[in-house]
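Report on the structure
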Amino acid sequence: MAGRTATLTGHSATARIRLNPMRPLDDRDRRILDLLRRDARMPLKTLAAQVGLARSTLRERLTRLESEGVIRGYRVDVADDEGRVSAYLLVRLRKTPSPGLVDALRGIAEIRHCSSVAGDIDLIVLLEAGTVERVNAVRDEIAGHPDVADLTTSIVLRREIA
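Only a predicted model underlies this, so the values are computations on that prediction, with no experimental measurement involved.

How each quantity is defined
Residues numbered from 1 in each chain as written. Predicted model: local features only at pLDDT ≥ 70, side-chain atom pairs only at ≥ 80, totals over all residues. Heavy atoms only, no water. Helix = DSSP H or I, 4+ residues; strand = E, 2+ residues; numbered from the N terminus. Buried < 20%, exposed > 50% of the residue type's maximum accessible area, 1.4 Å probe, protein only. Contact = heavy atoms within 4.5 Å. Pairing = 2+ DSSP bridges. Axes fitted to C-alpha atoms, helices over the stretch in contact; angles between N-to-C directions. Salt bridge = Lys/Arg side-chain N within 4 Å of Asp/Glu carboxyl O.

1. A short note on the environment of L151
- Secondary-structure assignment places L151 in strand β7 (residues 148–155).
- Taking relative accessible area as the criterion, L151 reaches 8% and is therefore assigned buried.
- The spacing of L151 and L123 is 28 residues in sequence and 9.5 Å in space, taken between C-alpha atoms.
- Excluding its chain neighbours within four sequence positions, the residues that come into contact with L151 are L89, L90, V91, R139, I142 and A143.

Laid out in structure tokens, this is it:
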């Protein structure tokens, strides 16, 4: 059973969590996740001390939260580079869901976000690349996937709210 997901943003990194885990989270799990929201790179020793657990016990909890899909991964949140080109791809699929396409998107380094949405469009994909040519190459790669019926590209001119 898949649940909704959210991004936990710390000062220098981000963790993805599932909002509807199979097993209810206890107070310590919620405290761990709250601390990781603030600083996803917090050393285990510091994190363990703040939640009142031994480092080995904390490591076991983190491993369990990861294996259960509560914490889905970690990534660095890098400041926007000058000259980067961002684009939203509005993807209409031949059939839904399309786990093969989503898996393929995970393997493309320029993909920043992918959301399933209700309505005429099935996926909204944010990509960032160094050049318009690279945006176009990634767009062509995605458009060529057998599950894609149609794809519209919108280049970001300016971020109004970051």
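2. Quick notes on the sheet that holds strand β5 (residues 111–116)
- Read from one edge of the open sheet, four strands run β5-β6-β4-β7, paired in antiparallel fashion. In the strand order of this sheet, the two ends are held by β5 and β7, each with one partner. Neighbouring strand axes in the sheet, compared pairwise and without regard to direction, differ in orientation by 20° on average.
- Across the sheet, helix α4 (residues 99–106) lies against β4 (85–93), β5, β6 (123–129) and β7, angled at about 15° from β6, the strand it touches most.
- This element, helix α5 (residues 132–143), spans β4, β5, β6 and β7 of the sheet and lies at about 165° to β7.

3. Some details on the pattern of salt bridges
- Under the definition given, this model contains 15 salt bridges.
- With a shortest N-O distance of 2.6 Å, D27 and R30 are connected by a salt bridge. Of this pair, D27 and R30 both sit in helix α1 (residues 27–38), separated by three residues, roughly a single helical turn.
- Taking relative accessible area as the criterion, D27 reaches 59% and is therefore assigned exposed.
- For R30, a relative accessible area of 42% translates into the label partly exposed.
- Note that R106 and D103 form a salt bridge whose closest N and O atoms lie 2.8 Å from each other. Linking R106 with D103, this pair stays in helix α4, spanning three residues, or about one helical turn.
- Here the residues in one salt-bridge network are D26, D29, R61, R64 and E68, joined through shared partners.

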